Amino acid sequence: MITSSFLTRSLLYAGLSIVLWILYFQLLDVSALLTHDILSSSKANKGWISWVHELYPRLAVEKLRFPESFFLTKAHQLLLRFTWTSQVLLTYFSFSVFLFPRFKKIYAGLFDTCIQNKYIPYITTLLYTSLLLVVYNAIIEFNGLLYFSAFYHPVGIGKLLLPCLPSLAILWVIYGTLLTSIATTIFLPKKWFSASVAALAFIYYQLILFGFGKYDHGFSTLTYALLVYPFFLWKSEKKSFDTTSPAWSLVLIQCLIALSYFYCGIEKLFTSGAAWFYSDNLEQHLLLHDTALGLSLAQHEVLCRWLSFGVVCMQCSFIVLPFYKKSRYVLLPAGFIFHTAAWLLLDAGGWFNPWWAMYLFFLFPLQPQETK
Amino acid sequence: MTFNIRQIVIFFFLLMSFIPFLLMTDLFPFMRFAMFAETVRAIPQKEFFTVEVLNARGGSQSLSERQIGLDDSHLNYLARRYYYNGQLDFFSTELKKSGLLKDNEKITVTQKIIVNGEWQKHVLLIK
């Protein structure tokens, strides 16, 4: 039954939403003016424009490549994302606080889980073996990069943690620390400290590679897992639990993996809309990357469109994974096929992809935590 | 209101994973996942830079095949940066200084660019 107070609250929610979107359209002109200011100023400028350059390190080169309209589209996109986020937050609070309190049930207790201790050695071994597969030849990469120290330009936190390319001796220390911390995390009984060191050393490894210009997204979910997993080990080693350990940090890793896929999906929708799948986009990508399998697939126009549509659906659907466990039977195989296809058709990544390796966090059963 | 470590860690990681999407930029170790998000035709200037080694007999090989720690995508980013900053000469000089090339070998930087839907190749530098 619809009460008058429910109606008032609904009208308030609708009114605030309308105000939000009016504000969005009003600010479009302002964003155009700001974009022009940013593009016509040099990086040396002090004040807020230098912060924009800090945040977008590629802007200095890209403004030489692209016309102003390109950046105007980006500015509008930025404004759209802020408005969309505000709308999502407004909807969340309206639904869970004063419209449909039962909405909370979907996510209440999500993190109140535990895991049987017998599974912990398997998770630890699989996670740190994945890390080993990624970094085992890091010293060869480091050795090569030393020849090109003139090209090293750290960005973001790299400016603080690694302002210049370290010497070979330091690079050996980072490499040795990585391997030692992986081994001690797998084999020694107390693991949380070595797991934290492994995460930090892996961050340094990536900062060195990224200092040469390209951020590699292939390591993202592995990095998230390595950063959060020490909290799980710390909690499980802190107290002598009988048979189970609190698994909120494992659920957090699941959420971060699911969100990573979700962001991949909505980035495509925000950036390109339906054109991402309702056009010749995949065919163009396949032609650009020029692999034998990709070129033969590019001949099948309708199949390419359906495959593109399937990719966006699959990536957006990952968000349900932490909530509905049974979805893993569909989504995890779909994800594995997607990464393998991206490797074979677009030459993206390799046979081993840390993204599917991190599915290990969905393989072990979690159970509701007993309340004392 | 009291906060424990669990709440802080969960809030921090969920928030930080969202900010790159909101600001449309990577904030390492938190990334924006925009790989392949733009349609090929929407990019005003689609281009690739390749860095190759030319031997005395005219044969060529991608520099990345020499186990230098940089793959083709890294070399693409680096060549693009130095090209647009007008420093391609410095770029090739530094590559030659690395000692990875024999005396009779040359560095060549090529730009592959789409013009009116057709791929064109421009050799920018041979040194």
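1. Comments concerning the pairing of strand S1 (residues 113-116) of chain A
All names here are of chain A. Both S1 and strand S3 (residues 367-368) contribute to a ladder of two bridges, which runs antiparallel. Across the sheet, the residue bridging to Thr113 is Pro368, located in S3. Relative to strand S2 (residues 244-246), S1 is paired through three bridges, and the arrangement is antiparallel. When the sheet's bridge partners are listed, Ile115 is paired in S2 with Ser245.

2. Concerning the state of the cysteines
The full count for this structure, using the stated rule, is zero disulfides over all chains. Unpaired in terms of disulfides, A:Cys304 finds its nearest cysteine sulfur in A:Cys313, a separation of 16 Å.

3. Focus on the pattern of salt bridges
Taken as a whole and assessed by the stated rule, the structure comprises seven salt bridges over all chains. Across the pair A:Arg65 and B:Glu47 runs a salt bridge, and its minimum N-O distance is 2.7 Å. Note that A:Arg65 is positioned in helix H3 (residues 59-65) and B:Glu47 in strand S1 (residues 47-54), a pairing that runs across two chains. There is no split in this pair, since A:Arg65 and B:Glu47 are both buried. With a closest N to O distance of 2.8 Å, A:Asp112 and B:Arg6 form a salt bridge. Of this pair, A:Asp112 sits in the loop between helix H4 (68-99) and S1 while B:Arg6 sits in helix H1 (residues 5-23), which puts the two residues in different chains. Salt bridges sharing common partners tie together A:Arg81, A:Glu267 and B:Arg32.

4. What about a nonpolar patch on the surface?
Residues and elements named next belong to chain A. Taken together, the side chains of Leu23, Leu27, Val30, Leu34 and Trp48 present a nonpolar region at the surface, about 430 Å² in accessible area. If one sorts the elements of the nonpolar patch by residue count, helix H1 (residues 4-40) sits on top with four residues. Turning to its location among the elements, Leu27 is positioned in helix H1. For Leu27, a relative accessible area of 34% gives the class partly exposed.

5. Digging into the sheet that holds S3(A)
Reading across the sheet, the three strands line up as S2-S1-S3 (chain A) and stay open at both edges, with antiparallel pairing between neighbours. Each edge of the open sheet is held by one strand with a lone partner, namely S2 and S3 of chain A.

6. Here we look at the domain arrangement of chain B
Interfaces are often described in size by the accessible area the parts lose on coming together. What the domain assignment lists for chain B is domain 1 (1-37) and domain 2 (44-126). Computed from C-alpha coordinates alone, the two centres of domain 1 of chain B and domain 2 of chain B are separated by 36 Å.

7. With respect to unusual backbone geometry
A negative phi angle characterises most non-glycine residues, just as the trans form characterises most peptide bonds. Put simply, B:Phe28 and B:Pro29 share a cis peptide bond, and its omega is 5°. Position of B:Pro29 among the secondary structure elements: in the loop between H1 and S1. Positive phi outside glycine occurs at A:Asp347, with the angle close to 60°. Here A:Asp347 is to be found in the loop between helix H15 (328-346) and helix H16 (354-357).

8. Some details on the interface of chain B and chain A
Between chain B and chain A, the contact holds 54 residues from the first and 72 residues from the second. Summing both sides of the interface, chain B and chain A together bury roughly 6300 Å²; the carbon and sulfur share of this comes to 72%. For the chain B face of the interface with chain A, the top three residues by lost area are B:Phe21, B:Phe28 and B:Phe33, together amounting to 14%. The tally of links from chain B across to chain A stands at four salt bridges. Between the two partners, chain B and chain A, sit 13 residue pairs in polar contact (both at pLDDT 80 or more). Listing elements by their share of the side of chain B that touches chain A, those giving two or more residues are H1, S1, helix H2 (72-84) and helix H3 (88-97) of chain B. When residues of the side of chain B that touches chain A are assigned to their parent elements, the largest contribution, eleven residues, is made by H1(B). Of the residues belonging to the side of chain B that touches chain A, the class tally is 34 nonpolar, ten polar and ten charged.

9. Here we look at the domain arrangement of chain A
Residues and elements named next belong to chain A. Per the domain assignment, the segments making up chain A are domain 1 (4-106) and domain 2 (113-368). Distance between the C-alpha centres of domain 1 and domain 2: 28 Å. Domain 1 puts eight residues into the contact, and the matching count from domain 2 is ten residues. Taken over both partners, the interface formed by domain 1 and domain 2 buries close to 740 Å², and the fraction arising from carbon and sulfur atoms is 53%. Looking at the side of domain 1 facing domain 2, the largest losses of area belong to Arg81, Trp84 and Ile106, adding up to 49% of the total buried there. Across the contact surface, domain 1 and domain 2 share two salt bridges. Of the residues forming the side of domain 1 that touches domain 2, the biggest block, four residues, is contributed by H4. A class-by-class count of the residues in the side of domain 1 that touches domain 2 yields four nonpolar, one polar and three charged.

Calculation criteria
- Residues numbered from 1 in each chain as written.
- Chains lettered and ligands numbered in written order.
- Predicted model: local features only at pLDDT ≥ 70, side-chain atom pairs only at ≥ 80, totals over all residues.
- Heavy atoms only, no water.
- Pairing = 2+ DSSP bridges.
- Helix = DSSP H or I, 4+ residues; strand = E, 2+ residues; numbered from the N terminus.
- Disulfide = S-S within 2.5 Å.
- Salt bridge = Lys/Arg side-chain N within 4 Å of Asp/Glu carboxyl O.
- Buried < 20%, exposed > 50% of the residue type's maximum accessible area, 1.4 Å probe, protein only.
- Patch = residues over 30% accessible without salt bridge, like charges linked within 9 Å, V, L, I, M, F, W, Y side chains within 5 Å.
- Areas by Shrake-Rupley, 256 points an atom, 1.4 Å probe, with all protein chains shown as cover.
- Domains from an automatic or database assignment.
- Contact = heavy atoms within 4.5 Å.
- Buried area = accessible area lost by both parts, 1.4 Å probe.
- Polar contact = N/O pair within 3.5 Å; in protein donor to acceptor, adjacent residues only side chain to side chain.
- Nonpolar A, V, L, I, M, F, W, Y, C, P; charged D, E, K, R; others polar.

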